[in-house]
Amino acid sequence: MSRQNELGMLRIILEKQYERHSTQLALLARQAHQMPHDRADLEAASAMAAASRLALADIARALHYLEQGRYGTCEVCRCDIPIEQLAHRPSARFCTTCQPEPTAAGLGAAAGAAVAGRMIRMMSWYCSPTARGWVGPSALSDAHAFHRSLPGYAPTPLVPVPELATELGVGRVLVKDESSRLGLPAFKVLGASWACRQVLAQRPDATLVTATDGNHGRAVARMAAHFGVEATVFVPEVMLPQTAARITGEGAKVVWVDGDYDAAVRRAAEYADEQPDRALVQDTAWDGYEQVPAWIVDGYQTLLEEVDAQLKEPPDLVAVPVGVGSLAEAVVRHYRRPDAARPSILSVEPATAACVLASLIADRPVTVSTAATVMAGLNCPTISGSAWPVLRAGCDAAVAVSDDEALRAVDDLGRLGVSSGPSGAATLAGVRAALADPQRRAALHLDHDAVVVLLSTEGHTP
């Protein structure tokens, strides 16, 4: 049999392995809330879930390499990995000679899972007693008026879920349902549309360039088509092919990058700088690149102004999912204005990509190592430079949640009539993790009649 035919058979094996690990993660998520709270059982389940996430990351990389035609090549010596070795481990990245020694960052599955489990337990919560007293500047823009002018604009629903209020022991729980926003299944188009409009007002006909882990890139691609310009979107190697296909379907050019989200951002910025007719539209800020991310944050204010109009009373807690922190920055700025109500604000991240939580604990921006997560839209290793000082000053609490907890929240919200993907449902998982602990609950100043708003930032996508 030719090597090409053998690689084709390995593709089938990889796809089956991906399905098996995905099914196992979903099963663990469903079992998590049913199992007794025995420490040994919980640690075993956490280790199994962490091992599956690590395996999924390796398998996704191998499938991506198959698409590129470079699967089965050692990443060090560039020689073919023997078929016998690939048959034993289809996601292998190195030949036997070049296989690196295990380290703290590259352990075997069992040891890596144990480390991941310990890290989840050690770094799962942060609270600032002074955040509610911080007063930030008023944020004024014409973004909401611009959004109202777009075809198909309508405020997204703020859905009361009394079953969750009973479970959590609060007065009301409302979910801001962003499963359909301007024709896309996520909130990201609010920031992307306003930023694209501002960029093109200064640089008409420019090709829009961005990096993404999913929804932001699709939103930039959609707005490029709306404004009649081209778009190039850089994506990390672990992105699922169907996610990239949705971006391509909007008419954008997709460029795969060997590396994580940060690597894709760096490559997008380099590409945009190479030609004067290219403009970067990125939702993370760094020194020298602050204006466009600020426009994106301004665009997210529309969502919060809608909540104000729909709720008609100040909430007591707002839970926000966090990737690089731009939406959380918008939430803190909105509720820390001089004349605003001052609810507690809870940021929620994947335990495998908790850059904001790690930064708040360290009291400085921290880049974390990430692994594959079902919360793909939150899989970011570095906090945005503009978000950091705002979250440091005005975010009351931060929590990290597991894939299992997020998947349980997806199922529960779906059963209660709210379509939410794992990144959006993370807020329910985060509030559960916060309110189940009496000390955490007290730190958030929540009484039995508290009003809780969950920002569900994406719909469920099969």
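Preceding block: the structure.
Please read these numbers as outputs of a predicted model, since none were measured by experiment.

Scoring rules and cut-offs
- Residues numbered from 1 in each chain as written.
- Predicted model: local features only at pLDDT ≥ 70, side-chain atom pairs only at ≥ 80, totals over all residues.
- Heavy atoms only, no water.
- Helix = DSSP H or I, 4+ residues; strand = E, 2+ residues; numbered from the N terminus.
- Buried < 20%, exposed > 50% of the residue type's maximum accessible area, 1.4 Å probe, protein only.
- Contact = heavy atoms within 4.5 Å.
- Areas by Shrake-Rupley, 256 points an atom, 1.4 Å probe, with all protein chains shown as cover.
- Axes fitted to C-alpha atoms, helices over the stretch in contact; angles between N-to-C directions.
- Parallel < 35°, antiparallel > 145°, perpendicular 65-115°, else oblique.
- Left-handed = near helix turned anticlockwise from the far one by under 90°.
- Nonpolar A, V, L, I, M, F, W, Y, C, P; charged D, E, K, R; others polar.
- Phe/Tyr/Trp six-rings, centres within 6.5 Å; stacked < 30°, edge-to-face > 60°.
- Pairing = 2+ DSSP bridges.
- Right-handed = clockwise from strand over helix to strand, strands pointing away.
- Salt bridge = Lys/Arg side-chain N within 4 Å of Asp/Glu carboxyl O.
- Core = buried A, V, L, I, M, F, W, Y, C linked by side-chain atoms within 4.5 Å.
- Expected span 1.5 Å × (residues − 1).

Visitor: It is not clear to me how the overall build of the protein should be interpreted in this structure. Could you clarify?
Guide: When you go through the protein residue by residue, the secondary structure sums to 17 helices and 11 strands. When the 462 residues of the protein are sorted by exposure, 55% land in the buried category. Here the analysis covers contacts within the protein between residues at least 6 apart in sequence; of these, 72% occur between residues at least 24 apart. Approximately 19600 Å² of the protein is accessible, and the part contributed by carbon and sulfur atoms is 53%.

Visitor: It is not clear to me how the packing of helix α12 (residues 326-335) against helix α14 (residues 387-394) should be interpreted in this structure. Could you clarify?
Guide: Each pair of packed helices can be described by the angle between their axes along with the distance between the axes. Where α12 meets α14, the axes come as close as 9 Å, and the angle between the chain directions of the two elements is 50 degrees. Taken as axis vectors, α12 and α14 run oblique relative to one another. For the pair α12 and α14, the crossing hand works out as left-handed. Judged by residue contacts, A328, E329, V332 and R333 of α12 engage A387, V390, L391 and G394 from α14. Class assignment for the residues of the contact of α12 with α14 results in five nonpolar, one polar and two charged.

Visitor: Can you walk me through the packing of aromatic side chains in this structure?
Guide: Two descriptors summarise a pair of aromatic rings, namely the distance from one centre to the other and the angle between the planes of the rings. As enumerated under the stated definition, the model contains four aromatic pairs in all. Consider the rings of F146 and W194, whose centres lie 5.6 Å apart with planes at 50 degrees: the pair is tilted. Separated by 48 residues along the polypeptide, F146 in helix α5 (residues 143-148) and W194 in helix α7 (residues 189-202) bring together distant segments of the chain. Of the two residues, F146 and W194, both sit in the buried class. Measuring from centroid to centroid gives 4.7 Å for W286 and Y289, while their planes differ by 20 degrees, and the two rings are stacked.

Visitor: Explanation requested: the packing of helix α11 (residues 291-311) against α12 in the structure shown.
Guide: Where α11 meets α12, the closest approach of the two axes is 9 Å, and the angle between their N-to-C directions is 55 degrees. In terms of orientation, α11 lies oblique with respect to α12. Once α11 is placed against α12, the crossing between them reads as right-handed. Counted together, V297, Y300, Q301, L304, E305, V307 and D308 of α11 and S326, L327, E329, A330, V331, R333, H334 and Y335 of α12 form the full contact between these two elements. Class assignment for the residues of the contact of α11 with α12 results in eight nonpolar, three polar and four charged.

Visitor: Looking at this structure, how should I read the pairing of strand β5 (residues 231-236)?
Guide: Every other side chain in a regular strand lies on the same face of the sheet, so the side chains alternate between the two faces. With six of six residues buried, β5 is to be regarded as a mostly interior element. With burial as the criterion, each face of β5 is covered, one bearing A231, V233 and V235 and the other bearing T232, F234 and P236. Across four bridges, the pairing between strand β4 (residues 207-211) and β5 is parallel. Bridging across to β5, T210 finds its partner in V233.

Visitor: What am I meant to see in the pairing of strand β9 (residues 344-350) here?
Guide: The buried fraction of β9 is high, at seven of seven residues. In β9, alternate side chains face the same way, and those of S344, L346, V348 and P350 on one face and I345, S347 and E349 on the other are all buried. Here strand β8 (residues 317-321) runs beside β9; their pairing, made up of five bridges, is parallel. Looking at the pairing, V318 lines up with I345 of β9. Once you follow β8 into α12 and on to β9, the crossover reads as right-handed. In this structure, β9 lies alongside strand β10 (residues 397-401), joined through five bridges in parallel fashion. Its bridge partner lying in β10, L346 is registered against A397.

Visitor: Sorry if this is basic, but what is going on with the pattern of salt bridges here?
Guide: Side chains that carry opposite charge are capable of pairing whenever their charged atoms lie near each other. Overall, the coordinates contain 20 salt bridges when judged by the stated rule. Between R181 and E306 there is a salt bridge, with the nearest N and O atoms lying 2.8 Å from each other. One end of the pair, R181, is in the loop between β3 (172-177) and α7; the other, E306, is in helix α11, and 125 residues separate them in sequence. Residue classification places R181 among the buried residues on the basis of a relative accessible area of 1%. A relative accessible area of 3% means that E306 is categorised as buried.

Visitor: Looking at this structure, how should I read the sheet that holds strand β7 (residues 278-280)?
Guide: Read across the sheet, four strands follow the order β6-β5-β4-β7 without closing on themselves; strand pairing throughout is parallel. The open sheet has two free edges, formed respectively by β6 (253-257) and β7, since each of these has just one partner strand. If you compare each strand with its neighbour and ignore which way they point, the axes differ by 25 degrees on average. As defined by bridge partners, β4 adjoins β7 across three bridges and the pair is classed as parallel. Note that in β7 the partner of V209 across the bridge is L280.

Visitor: Got a minute to help me understand the nonpolar core in this structure?
Guide: Nonpolar side chains in soluble globular proteins tend to be buried together. Formed by 89 residues in total, the largest nonpolar core has its most connected members in L208, F234, V281, V292, V331, L391 and L455. For this core, the leading source of residues is α11, giving nine residues. For F234, the residues in contact, after removing those within four places along its chain, are V209, T210, A211, T212, V255, V257, A264, R267, A268 and Y271. Core analysis: the next-biggest nonpolar cluster, separate from the first, contains 34 residues, V161, A165, V418 and L428 among them.

Visitor: Any chance you could explain helix α16 (residues 422-435) here in plain terms?
Guide: Side chains that are three or four residues apart share a direction in an α-helix, a result of its 3.6 residues per turn. Spanning 14 residues, α16 covers 20 Å between terminal C-alpha atoms, matching the ideal 20 Å at 1.5 Å per step. Burial analysis of α16 places 14 of its 14 residues in the buried class, the great majority of the element.

Visitor: Any chance you could explain the environment of G325 here in plain terms?
Guide: Tracing the backbone shows G325 in the loop between β8 and α12. Placed 24 residues apart in sequence, G325 and E349 show a C-alpha to C-alpha distance of 9.8 Å. Setting aside anything within four residues of it in sequence, one finds G325 in contact with A387 and L391.

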